[in-house]
Amino acid sequence: MQRYIDQGHDDGQLQMSHDIAHILTSVRTSWGMKYPFDDEK
């Protein structure tokens, strides 16, 4: 996703979605919350 944005294929919506996803992941991590698929990596 970041590479796609960096290549200029974004009207601003993808960057905003990426930023929100990053924020939500940070909050989830700080709360110690895990999804079942997190351990599949």
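Residues numbered from 1 in each chain as written. Predicted model: local features only at pLDDT ≥ 70, side-chain atom pairs only at ≥ 80, totals over all residues. Heavy atoms only, no water.

The protein carries the name Dehydrogenase in an unreviewed UniProt entry, which gives Lactobacillus amylovorus subsp. animalium as its organism.

A. Fine view of the overall build of the protein. If you tally the helices and strands in the protein, you get 2 helices and 0 strands. Based on the C-alpha atoms only, the size of the protein along its principal axes is roughly 35 × 20 × 10 Å. Accessible area for the protein stands at about 3,800 Å²; split by element, carbon and sulfur atoms hold 58% of it. Averaging the positions of the 4 positive and the 7 negative side-chain charges in the protein gives two centres separated by 8 Å. (Helix = DSSP H or I, 4+ residues; strand = E, 2+ residues; numbered from the N terminus. Areas by Shrake-Rupley, 256 points an atom, 1.4 Å probe, with all protein chains shown as cover. Lys, Arg positive; Asp, Glu negative; His and termini not counted. Charge placed at Lys NZ, Arg CZ, Asp CG, Glu CD.)

B. Representation of the packing of aromatic side chains within the structure. Applying the stated criterion across every chain, the model contains 1 aromatic pair. Taking 5.3 Å as the distance between ring centres and 15 degrees as the angle between the ring planes, the aromatic pair formed by tyrosine 35 and phenylalanine 37 counts as stacked. With a relative accessible area of 36%, tyrosine 35 lands in the partly exposed category. Taking relative accessible area as the criterion, phenylalanine 37 reaches 48% and is therefore assigned partly exposed. (Phe/Tyr/Trp six-rings, centres within 6.5 Å; stacked < 30°, edge-to-face > 60°. Buried < 20%, exposed > 50% of the residue type's maximum accessible area, 1.4 Å probe, protein only.)

C. Region of interest: a nonpolar patch on the surface. Among the surface-exposed residues, Ile23, Val27, Trp31, Met33, Tyr35 and Phe37 lie close enough to one another that they form a single nonpolar patch of about 640 Å² accessible area. Here phenylalanine 37 lies in the segment after helix 2 (13-31). (Patch = residues over 30% accessible without salt bridge, like charges linked within 9 Å, V, L, I, M, F, W, Y side chains within 5 Å. Salt bridge = Lys/Arg side-chain N within 4 Å of Asp/Glu carboxyl O.)

D. Representation of helix 2 in the model. Between its first and last C-alpha, helix 2 extends 27 Å over 19 residues, near the 27 Å set by a 1.5 Å rise per residue. Two residues or fewer past helix 2, glycine 32 is found with a positive phi of approximately 80 degrees. (Expected span 1.5 Å × (residues − 1).)

E. Representation of the environment of glutamine 2 within the structure. Of note, glutamine 2 is situated in helix 1 (residues 2-6). Look at glutamine 2 and you get partly exposed, because its relative accessible area is 29%. Spatially, the C-alpha atom of glutamine 2 lies 23 Å from that of aspartate 39, the residues being 37 residues apart in sequence. In this structure, glutamine 2 is in contact with Gln15 and His18, ignoring residues within four places of it in sequence. (Contact = heavy atoms within 4.5 Å.)

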